[in-house]
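# A structural walkthrough
So you can see what is in the structure, the chains are spelled out below.
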Amino acid sequence: MSAADPDFNIRYVADLARLELTEEEMATFEPQLQAILGYMKKLDEIDVDAIEPTAHANPVFNVTRPDTPRPSLTPEEALRNAPKAAKDQFIVAKVIE
Amino acid sequence: MSLATHTIAELRRLLDAKEVEAKDIIDSVLDAAEKQDDRIGGYLSWDREKAYADAAQAPEGPLQGIPIAIKDLINVKGHPCGCASKILTNYVAPYDATSIVNLREAGGIPLGRANMDEFAMGSSNENSGIKPAHNPWDLERIPGGSSGGSAAVVAANEAIAALGSDTGGSIRQPAAFCGCVGLKPSYGRVSRFGLTAYASSLDQIGPLTKTVEDAAILLGAISGSDPNDSTCLDESVPDYRGSLEGSIAGKKLGLPKEYFTEGIDPAIRSAVEAAAKQFESLGAEIVDVSMPHTEQAMGVYYIIATAEASANLARFDGVRYGHRSPEASNLAEQYAKSRAEGFGHEVKLRILLGTYVLSSGYYDAYYLRAQKLRTLIRQDFTNAFEQVDALLTPVSPAPPFKIGEKASDPLAMYLADIYTTSANLAGICGLSLPCGFMTPKDGAREVPIGMQLLGAPFAESTILQLGHHYEQATDWHTKQPALG
């Protein structure tokens, strides 16, 4: 099939998304995504230059509440689902060489 | 007749008259699930003992003694909350979502984890990372999605009612396919604190029930502002149930012409047109309206929803919860491998699409353009609701398809969301309820047809009242699937 969006580079996008894809997956995703992006061309039919964007259906701004301390999860509760934890902390792979 | 077939309103009378106890209802519902759910796949798990314990502590209220099935992405403290994803295997919710706090305060008992499309991404429940769910009316067919399990357990009388979530039709479409009532509340009506986010500018929690009256009761219980969700508006919660009986004479009901184009199955079109006639005989006035940007809604939805999803699902990195790949040698690999091993195909597809439309160089062409078109779609509804009290439309252009039929064609699947995504983009409310039955061309069994009533933001009372009057005048909602 012809690429709806020739700029679309699945390896680059997968890297941005922090997703390791197999060659087989890439071969499946690529045409599916091209078909979807092809459909999105329909959106180019309408001139939107003078239109303001909408981010939320009911825009509300600066909703605040008093910044007072209140009970939260205990360390045990917060770590209950951790893949690896010790000494009240999450353990992760080494980041600094 | 089993207690599990009853509505919340009927059980309220039986409970108040002390003819039944909460335990009887829990047993009735879970006995049905134990007997038949291996064929339906509506539940991922349930815990009878926890439900008994919750029932013993439930305060007085409209839901006291009533068990409610919960979609597997709403946190209930101490229960699994896996979002039907392998990446969250063994995850146990550390707190109650606000909708669950409200449900408990009304006396309700959270019971059972309802199956769904993984992270609510899908319209068929085939994307569940655990198992597919089946339509109780025809087990070969999908129950719809993403709240497919919630709809299936209500339709199959394995639940009295359920909570689902709706990002682009995920309550309304499975309700239509399974022959139950589904309500997507207005954006900001129900708190999403404790709901695993898919697309934060679109998601809403809402009820799936056997009648419109039950939807009104359940909505009243879960609604209201929440200091933990700043998008949940500080609007008073009206007596939804009390306002059901008010007259609908003179109410104006709009039929948007763009919702009745050639793509729709003739049986669905004629069922919705017959419903319009029924509304006329009940005293409502039918008005033709136009929503010119309807055709753009599906594309706009899939750009905005996937963009937001790509950001929301970044939290699944194998650090604080969820699957962590044992193969990784550094942090970057830990992210990429954990996510690759944990997410299913459709979730990866949507993350990739969302990442792309937000990426440098493409943001304006896709995401910003979609946000601008969202303004036009919202204006269509604002204009329509200046002329009419509510809109009447189909829910889906086609009946539920057979499981596996569209598995390799995501775009074909997305196109079937044409009538439901606009409501989320505009933030309005929508009610799906049964309006007929049909036998699909490729089948022998009848499946339900649903119609949709769309109301202005925070006009839930209007669509519930219209739906209630229609339901009182028809008997579609009393039909039961033959499960044997």
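Every residue gets a number counted from 1 within its own chain, in the order that chain's sequence is written. For this description, chains carry letters from A and ligands carry numbers from 1, given in the order in which they are written. This being a predicted model, a pLDDT of at least 70 is required before a residue's local features are given, and a value of 80 or more before pairs of side-chain atoms are given or counted; all residues contribute to the totals for chains, interfaces and linings. By convention in this description, side-chain values take in all heavy atoms of the structure and omit both hydrogens and water.

## Structural notes on the overall build of chain A
- Elements are defined by DSSP. Helices are runs of H or I of four residues or more, strands are runs of E of two residues or more, and each kind is numbered from the N terminus. Scanning chain A from terminus to terminus reveals three helices and two strands.
- Scanning chain A from its N terminus toward the C terminus, one meets helices and strands in the order α-α-α-β-β.
- Every radius of gyration here is taken over C-alpha atoms, with the globule rule written as 2.2 Å times N^0.38, N being the number of residues. Relative to the compact-globule value of 13 Å for 97 residues, chain A shows a C-alpha radius of gyration of 23 Å, a clear excess of over 25%.
- Projected onto the principal axes, the alpha-carbon positions of chain A cover approximately 55 × 40 × 25 Å.
- Relative accessibility under 20% of the residue-type maximum defines a buried residue, over 50% an exposed one, and the middle range a partly exposed one, all with a 1.4 Å probe and only protein chains included. In chain A, which comprises 97 residues, the share counted as buried stands at 30%.
- Long-range contacts, defined as pairs at least 24 residues apart, comprise 38% of the intrachain contacts of chain A with a sequence gap of at least 6.
- Each accessible area is a Shrake-Rupley estimate made with a 1.4 Å probe; only the visible protein chains count as cover when residues are assessed. Accessible surface for chain A amounts to roughly 6900 Å². Of this, 53% is attributable to carbon and sulfur atoms.
- When the 10 basic and 18 acidic side-chain charges of chain A are each reduced to a single mean position, those positions are 11 Å apart. The criterion used for residue contact is that any of the two residues' heavy atoms lie within 4.5 Å. Under the counting rule used here, the positive set is Lys and Arg, the negative set is Asp and Glu, and His together with the chain ends is not counted. Where a charge sits is defined by one atom per residue type, namely NZ (Lys), CZ (Arg), CG (Asp) or CD (Glu).

## Thoughts on the overall build of chain B
- In terms of regular secondary structure, chain B is built from 15 helices and eleven strands.
- Taken over C-alpha atoms, the radius of gyration comes to 21 Å for chain B, in line with the 23 Å a tight globule of 484 residues would show.
- Its C-alpha atoms give chain B principal-axis dimensions of roughly 70 × 55 × 50 Å.
- Within the span of chain B, comprising 484 residues, buried residues form 67% of the whole.
- Considering only contacts in chain B between residues 6 or more positions apart, those separated by 24 or more positions represent 76%.

## Some words on the layout of surface pockets
All names here are of chain B.
- Residues are said to line a cavity or pocket when one of their atoms sits within 4 Å of a point; the points come from a 1 Å grid over protein atoms alone, cavities being sets where a 1.4 Å probe fits but cannot get out and pockets being open sets with protein on both sides within 12 Å along at least five of seven lines. Grid points are joined across faces, edges and corners, and a volume is the space filled by probe spheres set on the points. Taken as a whole, the largest pocket holds about 570 Å³ of empty space.
- Considering the residues around the largest pocket, the lining is formed by 26 residues, among which Asn 75, Tyr 95, Thr 196, Arg 315 and Tyr 321 are closest to the centre.
- The residue inventory of the lining of the largest pocket, partitioned by class, reads 13 nonpolar, seven polar and six charged.
- Of the volumes computed, that of the second largest pocket is approximately 400 Å³.
- Taken together, 25 residues make up the lining of the second largest pocket; nearest its centre are Thr 5, Thr 7, Lys 210, Thr 211 and His 477.
- When residues of the lining of the second largest pocket are traced back to their parent elements, those giving at least two are helix H1 (8-16), helix H5 (148-155) and helix H15 (460-473).
- A per-class count over the lining of the second largest pocket returns eight nonpolar, eleven polar and six charged. Here the nonpolar group is Ala, Val, Leu, Ile, Met, Phe, Trp, Tyr, Cys and Pro; Asp, Glu, Lys and Arg are the charged ones; every other residue, Gly included, is treated as polar.

## A look at the pairing of strand E11 (residues 447-455) of chain B
All names here are of chain B.
- Counting buried positions over the nine residues of E11 gives nine, a clear majority of the element.
- The criterion for strand pairing is that DSSP finds at least two bridges linking the strands in question. Here strand E9 (residues 390-394) pairs with E11 via five bridges, running antiparallel. Note that in E11 the partner of Leu 392 across the bridge is Leu 453.
- As defined by bridge partners, strand E10 (residues 429-438) adjoins E11 across nine bridges and the pair is classed as antiparallel. Bridge pairing in E11 places Leu 433 opposite Met 451.

## Observations concerning the interface of chain B and chain A
- The partner chain A presents 56 residues to the 66 residues of chain B that form the contact.
- Take the accessible area each of two parts loses on contact, using a 1.4 Å probe, and add the two losses: that sum is the buried area. Note on chain B versus chain A: buried area summed over both sides is about 5500 Å², and carbon and sulfur give 65% of it.
- The residue Glu 25 of chain A makes a salt bridge to Lys 348 of chain B at a minimum N-O spacing of 2.7 Å.
- Whenever a nitrogen or oxygen atom comes within 3.5 Å of another N or O atom, the pair is scored as a polar contact, on the condition that within protein one atom can donate a hydrogen and the other can accept it, and that pairs from neighbouring residues in sequence are kept only if both atoms are in side chains. Applying the counting criterion to the chain B and chain A interface returns 22 residue pairs in polar contact (both at pLDDT 80 or more).
- Counting residues per element, the ones that place at least two in the side of chain B that touches chain A are helix H9 (294-312), helix H10 (331-342), helix H11 (345-358), helix H12 (364-387), helix H13 (410-415) and helix H14 (421-426) of chain B.
- For the side of chain B that touches chain A, the leading source of residues is H12 of chain B, giving ten residues.
- Residue composition of the side of chain B that touches chain A, grouped by class: 34 nonpolar, 21 polar and eleven charged. Salt bridges are defined as contacts in which a side-chain nitrogen from Lys or Arg sits within 4 Å of a carboxyl oxygen from Asp or Glu.

## What about the nonpolar core?
Residue and element names in this part refer to chain B.
- In terms of nonpolar packing, the biggest core is built from 170 residues, with Phe 119, Phe 279, Phe 381 and Leu 464 touching the most fellow members.
- Looking at which element gives the most residues to this core, the answer is H9, with ten residues.
- Apart from the residues within four sequence positions on either side, Phe 279 is in contact with Ile 248, Leu 253, Ala 284, Ile 286, Leu 392, Met 451, Leu 453, Leu 466 and Tyr 470. Buried residues of nine kinds, namely Ala, Val, Leu, Ile, Met, Phe, Trp, Tyr and Cys, make up a nonpolar core once their side-chain atoms join them within 4.5 Å.

## What to know about empty space enclosed by the protein
All names here are of chain B.
- Per the counting criterion, the structure on display carries two cavities of 30 Å³ or more.
- In terms of lining, the largest cavity is formed by 13 residues, of which the most central are Gly 122, Ser 123, Gly 168, Ser 170 and Asp 417.
- Taken as a whole, the second largest cavity holds about 60 Å³ of empty space.
- If you go around the second largest cavity, the residues you meet are Ala 176, Phe 177, Ile 268, Val 395, Ser 396, Ala 398, Pro 399, Pro 400, Met 438, Pro 448, Ile 449 and Gly 450.
- Sorting the residues of the lining of the second largest cavity by element identifies helix H6 (172-178) and E11 as the ones contributing at least two each.
- A per-element tally of the lining of the second largest cavity places E11 first, with three residues.
- Here the lining of the second largest cavity is composed, by residue class, of ten nonpolar, two polar and no charged.

## Examining helix H3 (residues 48-57) of chain B
Residues and elements named next belong to chain B.
- When H3 is considered as a whole, its buried residues turn out to be Arg 48, Ala 51, Asp 54 and Ala 55. Down the axis of H3, the buried side of the element spans an arc of 120°, and every buried residue falls inside it. Exposed side chains of H3 directed beyond 90 degrees from the buried face belong to Glu 49, Ala 56 and Gln 57.
- Packed against the buried residues of H3 are helix H2 (22-40), helix H4 (98-105) and strand E3 (109-114).
- With a side-chain oxygen lying 3.2 Å from the backbone nitrogen of Glu 49, the N-terminal cap of H3 falls on Asp 47. What the arc measures is the spread of directions leading from the helix axis to the C-beta atoms.

## Quick word on the packing of H9 of chain B against H12 of chain B
All names here are of chain B.
- Each axis is a line fitted through C-alpha atoms, taken for helices only over the stretch in contact, and angles between the N-to-C directions span 0 to 180 degrees. Two elements in contact, H9 and H12, have axes whose closest approach is 9 Å; the angle formed by their N-to-C orientations is 130°. The angle between the axes of H9 and H12 places the two elements in the oblique class. In the crossing of H9 with H12, the sense of the turn from one axis to the other is left-handed. Here Thr 294, Gln 296, Ala 297, Val 300, Ile 303, Ile 304, Ala 307 and Glu 308 of H9 lie close against H12, whose contacting residues are Tyr 366, Tyr 367, Ala 370, Gln 371, Leu 373, Arg 374, Ile 377 and Asp 380.
- For the contact of H9 with H12, a count of residues per class yields ten nonpolar, three polar and three charged. With respect to orientation, any angle under 35 degrees is reported as roughly parallel, any angle over 145 as roughly antiparallel, any angle of 65 to 115 as roughly perpendicular, and every other angle as oblique. Each helix crossing is assigned a hand: it is left-handed if the near helix lies turned anticlockwise from the far helix by less than a right angle, otherwise right-handed if that turn is clockwise.

## Regarding the environment of His 134 of chain B
Residue and element names in this part refer to chain B.
- Of note, His 134 is situated in the loop between E3 and H5.
- Along the primary structure His 134 and Gly 42 are separated by 92 residues, whereas in three dimensions their C-alpha atoms are 7.4 Å apart.
- Excluding residues within four positions of it along the chain, His 134 makes contact with Arg 39, Ile 40, Leu 139, Arg 141, Pro 143, Ala 152 and Ile 403.

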